[in-house]
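Tertiary structure, described
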Amino acid sequence: MTENKTQKVQQKKLPREVYTALQGVVGEQWIYEQRSVVETYSKLSIDASTFVRKHKKDPHILPACVVLPASTEEIQAIVRICNRYHIPFIPFTNGQVFSAPTNTMPTVVIHLSRMNKIIRIDTENLSATLQPYVDYGQLQAEAMKRGLWNGGSPLATSLCKIASQYSFAGLWQTDLKYGLLNRNIVSVTMVLPDGEILVTGSRCIPKAGDFLEYGPGPDLMGLLRSAAGTSGIVTEITVKLHTWVGDQCFPEIPAGRPSLVDVHEPKYDNPPEPLKNHRLYWIEFKDFASEIKAMRGIAHSGIGIGLNATGVYSAFYCSQTQDMTIERCKKKFFPDWNCYVILANITSEKQIAYEEKVLRHIIEEIGGTFLSEHHKPKVLEALKPWNYDCIRHTTGFRMNRKMYANAWLPVGPLENAFVTMEQWKKALDIFGECDITDRGGADDTPFVYALQRGHFCFFETDNYPDPVVPEEIEKAQAYGIYGNATFIRHNLGPMLMAFLNVEPLTTMFPEVGPNAYLLMRKLRRVFDPQSVCSPGRQVFTEEEWQQVPAEVKESINKIRALQNLPAIV
Amino acid sequence: MTYYEKKPEKKFFEKQLEDYRDMVWGCARCNWCQNQWGWNVKSAEFSEICPAFHEYRIFPYSGMGKMHIARALIEGDFDYDDAPEMIDFIYTCTTCGACEMNCQRLQDKEPLKVNETLRAKFVQDGFGPKPEHKRLIASVKNYSNPWMQPRTQRDRWARTIKLKDLNKEKAETLFFVGCTAAFNNTLWKMAQSTAAILLAAGVDVGMFGKEELCCGSPIARIGDRETFFTIAQQNVKRINESGVREIITFCPGCYRSLQHDYPEVPGLEPLRPAVYHSTEYVARLLREQRLIPQKPIPLKVTWHDPCHLGRHCGIYDAPRDILAALPGIELVEMERIKDQAWCCGGGGGARAAYPNFARATAVKRIAEAYKTGALAIVTQCPFCEQNLMDGIAQSEHSMQLYDLSELVIKAIGE
Amino acid sequence: MGNLMTLVADLQTMFGSTSVCADPEVLEAYSKDQSFVQPRKPDAIVSLSSTEHIQELLRYAHTKKVPVVPLSSGMNLHGATIPSQGGIVLDMSKMNKIVMIDTDNWSVVIEPGVTAEQLQNELAPHGLRVMLPFGIHPKRSALTSFIERDPAVAAASFEYGNDHIMDTELVLPCGDLFRTGLWSAGGRPGSPLGPVRAMINRLWTGAQGTLGIVTKINLKVEYLSQLRRIWLFQFDAFPELIEPVKLIQRREIGWECFVINNFNAAALSCPTWNVPERLPTEAKDPKAFLALKDSLPPWLLVVSLNGGPRFPEEKLAYEEEALQEVIRQTGIKRYHNTEVENILSNEMIRPWGILKKACYRGSFHDVSFKTTLKRVPEFQRILLEVLNHYSYPLQDVGVYVLIIERGRAVHCEIDIHGSSPHEGNGAALKNLWLDLSRCFIDEGAFFDRPYGAWAEMVYSRAGTYTEKLKQIKKELDPHNILNPGRLCF
């Protein structure tokens, strides 16, 4: 139950001179400090901590104001003001998770919604340069007209802004061939937390052009990316484009368009076929071992552009309501052990025929059954949203109808999937479930994304607590911490959870690196000497660490102890 | 099940903000309330779908923003004194329903209903609506129309048309013209054409004339539930007593109100006649060959889906079928159509209180229409027509605007 | 001298006298390579084979502020291992274990001393291979090659020819151990992401050992195709091949795709030359080479098709059909030469045959940079101008243009041939090489690996990038002990 309903929560406003200075940069039309405005920038989507803090009526979570710049120069000016006055700031696009909730008061939110242009699409050099608010759907739409595309779209939604995904994420359905967003960035222009402007890649040399992602010399991209919004503000990003052989725009679904009267009818989600020159195959297996073996075989065969196992997640994406999702989970409507493969005629119209032959050969060898009109046709019918989702994932956030509070997202060799499953079951036993649907990955396949020809994969299992029950959310958070501890104890690498590899979990897991947090502190000094950009996000300074309440450290240490990891002082 | 179909424990107009508590806490910030459904995006230029967010670029203007504001109000995080600016956020919204369309489809949540409930709360608590809306409500109460026009002028549009007077005679069909077409003389020809089409098809049709009442749609959208209930009761009584078997509305707002809002009024007797919008009715007349379009109209057009007709009520195909039946007409579609149509900017009380915003929204629609290569934009909604005409006047692009009935009447040679 | 003796004594105490060498003749050998980088002798050579010892060495060097220059094989051609400020050369050539071959997940963990040839040979029986760069010396450290971002011959293939590094184990300048990737929390390696989702390993690529010493690397390996087919196309002028290359690459035909001029093609195919053991080498009789060069077309476009692990012929069949379609579309001329095709087919796996080019004059100096495909003719014009200025014959220049990621970029290598840089006409070539480099960078050539003299040219232009690199260096290596004088450090 939310604490005292009569207790109001007020943000701490900026000193007037700072407000005036910021107003001078963007104009009075583009700066807001009204209470209801800052409210809409304070509760993030996937970040469980903001929900807990909302329940606790924590005023720190409210930004002091929101500014909306329109250019790199304006952003630089804003950042310089923040440095001058020691006011923290947070770059903000959607507010899912990749920007940070505020931790200190006052904090300025720099909302990038005015910077939403595709600056150029370079069909010659296969790249597109974007402002930070451009999303995957927009980029794909423009690129596909030109016979190109960006190589994939993220699971959650096709509305992710590419620049903010750059800060942390970027997993796609088609990673098998195209890799993560990691692999697909050519350059960024970034306003660093100290107010300098950094350009990466070949573009940093005059006249060179924007085509190469590395260097010169040591490559800084690897530090900037995945810094959880702490490395600065991307004001331009150039991404790679690849050959696109599908339709220029998605054909209309024969059932037509929904209206508010009938929006939940499944027929509207059912593209009868995948896009032109693409084909999707669903395969069911008798057990997890066969599924993993088949996925390995398929990944190694060199066929296909996408290879994933979806398990319970299809119950979300392919179900129009939460009730339908729950019912399908209960009834195990979708196969427990499955995968889907996307084939494409990129080189030739004969490519799919060849690759299908290879696919069937592998499945025959390993054992598995294709879903078809003869085998589970109703399930195959229900899986039809994937025909479009595999390219432009649109239904993804159906998994977030409650609250996508915690994800275990380990990455590693395919066999780690077994450990993920086993440990997830243990976690469910220790902490209990949040919702029926979070048994996904315990009794059926975790989500398995086969990345980059099977060299390594992501796996995913999730909790979906009720957002109005803070105890549930805290339980989900505990899962996350436990996950970190689990994977370190079992020497299976850092848990690449989407939402919890931020402090204090960086400093409190020094096994990672080891002592990665010390290195990150050094790097933070380089990029953010004043600690103004998303402070408390990726890594604390020593001073910030000292201010972490003892009970927070204690609660994490308790969970560490569950995996026999020593306490961190 | 949606608002329209499911029969939850409470009707919509019974719900208070607290009834949405679970929903607003669970807003996923997925941004579908601001953007076109991913599978339908054809360009970057026309990928957004929320007129208010598109214009102002901050979240309180979006469906998601309303959900967050509602959550904070429910939990007492702030109140009206702390955030007087809220009123502008909740009323700079045309209630086009694009946010709810996509949010329903993805998240099974209802940001539009949350916003309309916010409005109801504001009105209930005396914090709203805007002064312009108060004038509008007073006009409806006093004159049965929101345009501050005398009741006696309501039937002037029909002087050249021989419709039965349902106050004195019986007819099978009621032609419910609606306030906007009745009182805006630039729209009379649209209402006249529609009536003429019905007559030409031999429909036994009448009207209430001066005695027609406002359907109450603007009042419902603004959030004055009490006044809306009164209007709804009056209308249902009058219509049921008239003995008509079917109602044809000219205005999609009236259509939506009669068809979908009235059933959500607690304790209200159901409307007995079937309710149709003129487009679906005329489409049927064409199918049944009770109308024969013969005269070619060589014109490239694009169809604008009125929000209340299309997205809210599911009538997409009827107007397109009509256009397809008219010889010489070539239909080219905009990118944002049907459930993903871009709003004209005229609805939800936005035009009354924020005319610049309403006009800017219309200008964007005109630009989109222009890009299709069409010479004319066609629709059938008096609010849309009003606002799009303003948009054309402001736009750098030159386009004609037709009501669908004007083309039909030409084609059938009346 | 006193300090030097102390240094040597300390090192001998720490690592044993057999691991430490201060013999002047040996030091002389480590003082130079075939680049123009000014020779300089180290104070001592330390040969180590374990990460723990390397940590110990760096802790010592950090305390004593003694430079340490890491060397894996000594086959760097660009002066990266010349101890320009003296100090210790850390020789890791004996740290040459192939620690693990993961045949399930197709990866291999290697130490710095593992050579390209050794690695390829070890993987072959498993039906696997690594993607090596054209012109890598068989004795070059594979680890260094990947860490230094030598572009693989298969770079045209987005998925197979790029981004090979997964996990790394490295020693930071202060002696701390650090791992990237899945490995960052201990256990086993198995992904490039980590800590968290960072690609932090990229900081140590292209760094010439200045920010840390990589002691192990987990690399992606790919299947060794049993069926490969080389298609050659001939052109008289480079601009003619631009559009055909784009068409081939848009259809993603084949893995490897590159262009060589007749100089390089002849060198590769010359039967009387062999791959030198070390560089610089002895020049050899050019008769056969020259005859071959005259017989070859001015430009050859090489496209290599690889059959899949299953039904390889059928994969080749549809790819070859696609190539035929491109031929019909463009009218380009296929060049049939079975011998050259066979040599090239072997070269895709063991790509060192091209090093025979060194036999022309004994040594060569490449100007290697990145640009875009359509700009290559611009750089050709600049090349001609500079060559004319120095009266250097164009026909003595080798050119290799590698397509990267389906044509988004190209890697260009332009070889100027001469004898050893430290004698004969080698020194005279230095000005030519420098001028050429300067002219190229002035016009936007991107030297993404700024070796030797390129460093100043590049970093003086790179603004904030340079500044941040320096700041990072200061944080990680406050005494600038690791390979000082390289890059912008």
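Residues numbered from 1 in each chain as written. Chains lettered and ligands numbered in written order. Predicted model: local features only at pLDDT ≥ 70, side-chain atom pairs only at ≥ 80, totals over all residues. Heavy atoms only, no water.

1. Topic: empty space enclosed by the protein
Selection criterion: A 1.4 Å probe that fits into a set of points on a 1 Å grid over the protein atoms alone but cannot get out defines a cavity; an open set with protein on both sides within 12 Å along at least five of seven lines defines a pocket, and lining residues are those with an atom within 4 Å of a point. Grid points are joined across faces, edges and corners, and a volume is the space filled by probe spheres set on the points.
Of the pockets and cavities examined, the largest cavity occupies roughly 370 Å³. In this structure, the largest cavity is lined by 24 residues; those nearest its centre are Tyr-214 of chain A together with Arg-149, Asn-162, Asp-163 and His-164 of chain C.

2. So, the domain arrangement of chain A
Residues and elements named next belong to chain A. Here is the rule we go by: As annotated, the domain borders come from an automatic or database domain assignment. Counted as salt bridges are all cases of a side-chain nitrogen of Lys or Arg within 4 Å of a carboxyl oxygen of Asp or Glu. Side-chain atoms alone can form a polar contact between residues adjacent in sequence; in general such a contact is a pair of N or O atoms within 3.5 Å, and within protein one must be able to donate a hydrogen while the other accepts it. Residue type decides the class: Asp, Glu, Lys and Arg count as charged, Ala, Val, Leu, Ile, Met, Phe, Trp, Tyr, Cys and Pro as nonpolar, and the leftover types, Gly among them, as polar.
Domains assigned within chain A are domain 1 (16-111), domain 2 (118-243), domain 3 (270-389) and domain 4 (503-569). For the interface between domain 2 and domain 4, the tally reads zero salt bridges. At the surface where domain 2 touches domain 4, the tally comes to one residue pair in polar contact (both at pLDDT 80 or more). Of the residues in the side of domain 2 that touches domain 4, the class split is six nonpolar, four polar and one charged.

3. What about the interface of chain C and chain A?
Using the following cut-off: Contacts are assigned to residue pairs that have any heavy atoms within 4.5 Å of one another. By buried area we mean the combined loss of accessible area, with a 1.4 Å probe, across both parts when two parts are placed together. Secondary structure is summarised from DSSP: a helix means a run of H or I of at least four residues, a strand means a run of E of at least two, and numbering begins at the N terminus for each.
Every contact between the two is made by 91 residues of chain C and, on the other side, 96 residues of chain A. For the chain C and chain A pair, buried surface summed over both sides reaches about 8,300 Å², with 59% attributable to carbon and sulfur atoms. On the chain C side of the interface with chain A, the three residues burying the most area are Arg-197, Arg-310 and Tyr-465 of chain C, jointly 12% of the side's total. There are 17 salt bridges connecting chain C and chain A. Across the pair Arg-202 of chain C and Glu-213 of chain A runs a salt bridge, and its minimum N-O distance is 4.0 Å. Summed over the shared surface of chain C and chain A, the result is 46 residue pairs in polar contact (both at pLDDT 80 or more). At the level of secondary structure, the elements contributing two or more residues to the side of chain C that touches chain A comprise β9 (177-180), β11 (222-223), α6 (242-250), α9 (312-330), β16 (363-371), α12 (426-442), α13 (454-459) and α14 (464-476) of chain C. Its residues assigned to classes, the side of chain C that touches chain A shows 40 nonpolar, 19 polar and 32 charged.

4. Quick look at the side chain of Ser-193 of chain B
All names here are of chain B. Put simply, the rule reads: Whether a residue is buried, partly exposed or exposed follows from its accessible area with a 1.4 Å probe, protein chains only, as a fraction of its type maximum: under 20%, in between, or over 50%, in that order.
Its place among the elements puts Ser-193 in helix α9 (residues 188-200). Classification of Ser-193 by relative accessible area gives buried; the value is 9%. Other than its neighbours up to four places away in sequence, Ser-193 contacts Ser-405, Glu-406 and Ile-409.

5. Side note on unusual backbone geometry
At the junction of Gly-215 of chain A and Pro-216 of chain A, the peptide bond is cis and its omega measures out at 15° in the coordinates. Within the fold, Pro-216 of chain A resides in the loop between β9 (197-199) and α8 (221-224). Following Gly-513 of chain A, the chain continues into Pro-514 of chain A via a peptide bond in cis, with omega recorded as 5°. With respect to the helices and strands, Pro-514 of chain A occurs in the loop between α16 (470-489) and α17 (516-527). A positive phi is found at Asn-515 of chain A, a non-glycine position, where the angle reads about 60°. Inspection of the secondary structure puts Asn-515 of chain A in the loop between α16 and α17. Even without glycine at this site, Arg-406 of chain C takes up a positive phi of about 60°. Locating Arg-406 of chain C in the fold gives a position in the loop between β17 (397-404) and β18 (409-418).

6. Remarks on the interface of chain B and chain A
Each side of the interface is counted separately: chain B has 72 residues, and chain A has 76 residues. Taken over both partners, the interface formed by chain B and chain A buries close to 5,900 Å², and the fraction arising from carbon and sulfur atoms is 55%. Counting the surface chain B buries against chain A, the share from its top three residues, Trp-25, Arg-29 and Trp-39 of chain B, is 15%. Remark: the boundary between chain B and chain A carries six salt bridges. Inspection of the chain B/chain A interface yields 40 residue pairs in polar contact (both at pLDDT 80 or more). Breaking the side of chain B that touches chain A down by element, the ones donating at least two residues are α1 (21-25), α2 (51-56), α3 (63-74), α4 (86-91) and α5 (98-107) of chain B. The dominant element in the side of chain B that touches chain A, judged by the number of residues it contributes, is α3 of chain B, at seven residues. Counted by class, the side of chain B that touches chain A contains 30 nonpolar, 20 polar and 22 charged residues.

7. A look at α16 of chain A
Residue and element names in this part refer to chain A. Selection rule: Each residue after the first adds 1.5 Å to the expected span of a helix.
Under the 1.5 Å per step criterion, the end-to-end length of α16 is 28 Å for 20 residues, consistent within 8% with the ideal 28 Å. Within α16, 16 of the 20 residues are buried, which leaves the element mostly enclosed by the surrounding structure. Phi turns positive one or two residues past the end of α16, at Asn-491, with a value near 50°.

8. Remarks on the packing of aromatic side chains
What counts, and what does not: What counts as a ring pair is set by centres within 6.5 Å for rings of Phe, Tyr and Trp (its six-membered ring), and what kind of pair is set by the plane angle: stacked under 30 degrees, edge-to-face over 60, tilted for all other angles.
What the rule picks out here adds up to 68 aromatic pairs over all chains. Centroid distance Trp-157 of chain B to Phe-175 of chain B: 6.0 Å. Interplanar angle 70°. Geometry classified as edge-to-face. With Trp-157 of chain B in the loop between α7 (131-143) and β1 (164-165) and Phe-175 of chain B in strand β2 (residues 173-176), the pair connects residues that are 18 residues apart, well separated along the chain. With respect to class, Trp-157 of chain B is no different from Phe-175 of chain B; both count as buried. The interplanar angle of 50° and the centroid separation of 6.2 Å between the aromatic rings of Trp-106 of chain C and Tyr-223 of chain C together place this pair among those described as tilted. In this pair, Trp-106 of chain C sits in the loop between β5 (98-102) and β6 (107-110) while Tyr-223 of chain C sits in strand β11, placing the two residues 117 residues apart along the sequence. The two residues Trp-106 of chain C and Tyr-223 of chain C agree in class, both being buried.

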